[in-house]
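Report on the structure
Spelled out, the chains give:
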Amino acid sequence: MRPKRAICYVILTNYYTFFRLSFTFFRIFAQGLSPQIQSYALNIRAHTFMKKKYNVIAGNIASLSRQGGLIMALVAVLLLLSSCHRGRTRYYIGVSQCSEDIWRDWQNAEMKMEASLHEGVRLSFATAHDDSGLQIAQIDSLVDSGIDLLIVAPNQLQSVSSAIDGAYDRGIPVIVFERKTDSRKYTAFVSADNYAMGQQMGEYIASRLGGKGKVMEIMGLKGSSPADERHRGFRNAIERYPQIQVVASLQGDWTEERAYKEVEAYLKGHPSVSVDVVFGHNDRTAMGARRAFDEAGGKERSAMPLPLFCGIDGLPGIDGGILQVRDSLLTASYIYPTRGDLLLQLALDILEGRPYEKETMLTSALVTKENANVLYLEGEEVVRRSQRLERLQEMASGYLEQLSAQRTLMALACGLVVLLFIALLLFYLYHRGQMNIRRERVLNNLWNLNVRPEDTEKAENTVEVVTEAEEASCAPSYKAEHSLFISRFREIVERRMTDSELSVEDLAAAMNLSRVQLYRKVKMITGNSPVELLRSARLNRGYQLLITTDKTVSEVAYAVGFSAPAYFTKCFKDEFGIVPGEVRGKG
């Protein structure tokens with residue numbers, strides 16, 4: 001297919017589809033963040049269909065044009081833009097949690113919510129399940145994945161220090177939260193005062209006992225800083241009351257199940273020991289101890305009153321310590337703030353070079369029966385608002401994705417407009433160049449006569465044979481004979497061009513040849529029939545008259561031997577690709 005026709009074909013076959021899609025894209029974009037999500041699916045279908053049409057148009061035009069490289073470069077840029085997503089990661093933050101529980105679930109949810117308010121923040125969470133070896137491997141994996149900052153709650157004081165040091169030495173800022181490490185290689189530390197919590201809980205228990213009684217302590221994970229500090233704070237408070245006896249300090253490891261088993265074993269081994277208060281280092285261990293006391297059998301144990309149970313964490317929600325205090329499952333708890341939002345904001349301050357505090361201590365409060373209901377209602381309101389914010393965030397994310405898709409469609413639509421403009425420009429330039437070439441040729445030469453190479457070679461060979469056979473002959477050469485013949489033919493045609501009745505028979509008679517002889521000879525020399533040469537000469541002459549005279553199209557048609565101006569216009573357009581009136585405008 002010739003380039004001009006191929007370009008026309010591409011434009012015509014895609015013209016309607018392109019403008020229909022373009023109109024749809026502009027209409028969708030004008031609607032903005034419409035709450036009607038079903039339009040988003042329509043956009044995606046249109047986007048997919050448009051991409052197929054876009055690839056066909058771009059491929060066809062690029063293969064047909066000298067400027068194909070420019071178009072393909074534009075296509076590549078547009079595809080790159082369409083693949084871009086607004087969610088490009090600016091900061092990649094790794095979070096290493098030492099264990100998995102409701103307290104850390106709340107904290108992770110707060111970090112996610114805060115991250116959603118900042119564009120380009122990506123979080124990656126890892127949970128070690130109280131396994132220091134696993135936490136070391138997880139920290140190393142986060143570092144190797146290319147995180148920009150590490151947030152870590154060390155499982156134990158010393159066990160994961162090497163992994164934290166390794167991250168810090170590689171230039172990664174480190175925020176240590178909730179639990180301490182013996183390493184000094186950290187950027188910031190965030191925690192509540194665990195010693196003060198243990199101390200205040202000891203004072204509360206001493207006041208409830210009136211300064212005398214028996215207490216059981218269920219400790220957290222051995223070697224973790226919160227467990228050590230809560231234990232020391234609690235013991236320092238209790239030691240001021242000589243009549244208060246700590247009958248046992250059991251290892252609960254922060255889990256309800258471990259606390260249940262430890263207390264169960266202790267009660268079986270000490271059936272006659274009475275306990276007035278059980279202090280768990282967190283609410284889960286306190287609840288595990290309560291379950292063990294509830295299930296403890298034996299005559300002596302059944303006669304003893306159930307002790308009071310106190311814990312630490314004081315989380316809101318149906319599984320939190322505040323509700324357990326309100327429902328008298330626990331006597332008291334101590335709010336240990338999660339503040340995941342503060343952790344993430346601190347991380348962003350560090351990454352963006354804003355001022356920050358290296359040590360941050362969070363405030364907390366005691367939860368008792370007197371304030372538990374108010375705190376629970378407030379917590380429920382916070383939970384409802386948090387859930388509503390999550391739903392709003394999901395809706396906002398959907399709208400932003402919709403807007404991003406609309407922007408992509410707009411970019412592609414604009415790209416198609418540019419591609420169509422380039423195609424039209426290339427077609428115009430090509431057509432204009434062809435017209436200029438043809439115009440110059442017609443103005444300088446009335447006839448389009450080209451002797452075919454094979455005929456020239458045949459003529460030369462014929463002359464050579466004749467020369468060898470008849471050395472003394474003075475006959476003219478074969479080429480000279482052709483030249484004389486064509487000159488005679490042109491002279492007759494030009495003299496009688498205005499005669500619309502001129503036929504091949506008339507030309508043959510004027511050349512003293514039969515109609516068949518004239519056809520064969522003209523066809524052999526030029527490759528065209530006499531009729532084709534006559535029509536071409538008339539059209540070329542018409543082109544010249546349109547450029548050089550003020551005659552109308554009808555006058556020109558009659559002047560070059562056409563009996564009908566309409567037929568002249570048709571033949572002219574077939575020959576030159578434009579109507580006669582356009583020639584005068586371009587001249």
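Located above this text is the structure these notes cover.
To start, this report covers the structure provided alongside it. Since the model is a prediction, treat every value here as computed from it, not as a measurement.

Turning our attention to the pattern of salt bridges. A complete count under the given rule lists 20 salt bridges for this structure. Linking R496 and D499 is a salt bridge whose minimum nitrogen-to-oxygen distance equals 3.6 Å. Given a relative accessible area of 27%, R496 falls into the partly exposed group. With a relative accessible area of 25%, D499 lands in the partly exposed category. With its nearest N and O atoms 3.2 Å apart, the salt bridge here joins K570 to D574.

A word on the pairing of strand β3 (residues 149–152). Taking every second residue as pointing to the same face, both faces of β3 are buried, with L149 and I151 on one and L150 and V152 on the other. Relative to β3, strand β1 (residues 91–97) is paired through four bridges, and the arrangement is parallel. Of the residues in β3, the one forming a bridge with G94 is L150. For β3 and strand β4 (residues 174–177), the ladder comprises three bridges, and the chain directions are parallel. Bridge pairing in β4 links V152 to V176.

What follows deals with the nonpolar core. Ranked by internal contacts, the top residues of the largest apolar core, which has 42 residues, are I93, I151, I175, M201, I205 and C310. Ignoring anything within four residues of it in the chain, the contact list for I175 reads L149, L150, I151, V152, A188, V190, L343, L346, A347 and I350. Within the second largest apolar cluster, 26 residues are counted, among which are M216, I218, A248 and A286.

It is worth spelling out unusual backbone geometry at this point. Of note, D253 is a non-glycine position whose phi angle comes to about 55°, a positive value. Looking at where D253 falls in the secondary structure, it is placed in the loop between β7 (244–251) and α9 (256–269). We classify D253 as buried; its relative accessible area is 16%. Unusually for a residue other than glycine, N512 sits at a positive phi of about 60°. Assignment of secondary structure puts N512 in the loop between α17 (504–510) and α18 (515–526).

Another aspect to go through is the sheet that holds β1. Judged by pairing direction, the sheet is parallel, and its six strands sit side by side in the order β2-β1-β3-β4-β5-β11 without closing on themselves. Unpaired on one side and paired on the other, β2 (121–127) and β11 (359–362) mark the two borders of the sheet. For this sheet, the mean inter-axis angle between neighbouring strands, taken without regard to orientation, is 15°. Inspection of the sheet shows β4 paired to strand β5 (residues 188–192) by three bridges, in the parallel sense. Paired with V176 across the two strands is F189, which belongs to β5. Strands β1, β2 and β3 of the sheet are contacted by helix α5 (residues 132–144), whose axis makes an angle of about 175° with β1.

Here we take up the side chain of D313. In this fold, D313 is placed in the loop between β9 (308–310) and α12 (321–326). Buried charge without a salt bridge: D313, with R230 as the nearest opposite-charge side chain at an N-O distance of 4.7 Å. Excluding residues within four positions of it along the chain, D313 makes contact with W103, N282, D283, S333, Y334, I335 and Y336.

With that settled, consider the packing of aromatic side chains. Tallied over the full model, the rule gives 10 aromatic pairs. Ring geometry for W103 against Y336: centres 5.2 Å apart, planes inclined by 20°, an arrangement best described as stacked. Separated by 233 residues along the polypeptide, W103 in helix α4 (residues 102–116) and Y336 in the loop between β10 (332–334) and α13 (340–351) bring together distant segments of the chain. Ring pairs connect the aromatic residues Y543, F562, Y567, F568, F572 and F576, which therefore count as one cluster. Here R230 stacks its cationic end above the ring of Y336, 4.9 Å away from the centre of that ring. Positioned above the aromatic ring of Y376, the side-chain terminus of R326 is 4.7 Å from the ring centre.

Calculation rules
- Residues numbered from 1 in each chain as written.
- Predicted model: local features only at pLDDT ≥ 70, side-chain atom pairs only at ≥ 80, totals over all residues.
- Heavy atoms only, no water.
- Salt bridge = Lys/Arg side-chain N within 4 Å of Asp/Glu carboxyl O.
- Buried < 20%, exposed > 50% of the residue type's maximum accessible area, 1.4 Å probe, protein only.
- Helix = DSSP H or I, 4+ residues; strand = E, 2+ residues; numbered from the N terminus.
- Pairing = 2+ DSSP bridges.
- Core = buried A, V, L, I, M, F, W, Y, C linked by side-chain atoms within 4.5 Å.
- Contact = heavy atoms within 4.5 Å.
- Axes fitted to C-alpha atoms, helices over the stretch in contact; angles between N-to-C directions.
- Lys, Arg positive; Asp, Glu negative; His and termini not counted.
- Phe/Tyr/Trp six-rings, centres within 6.5 Å; stacked < 30°, edge-to-face > 60°.
- Lys NZ or Arg CZ within 6 Å of the ring centre and 35° of its normal.

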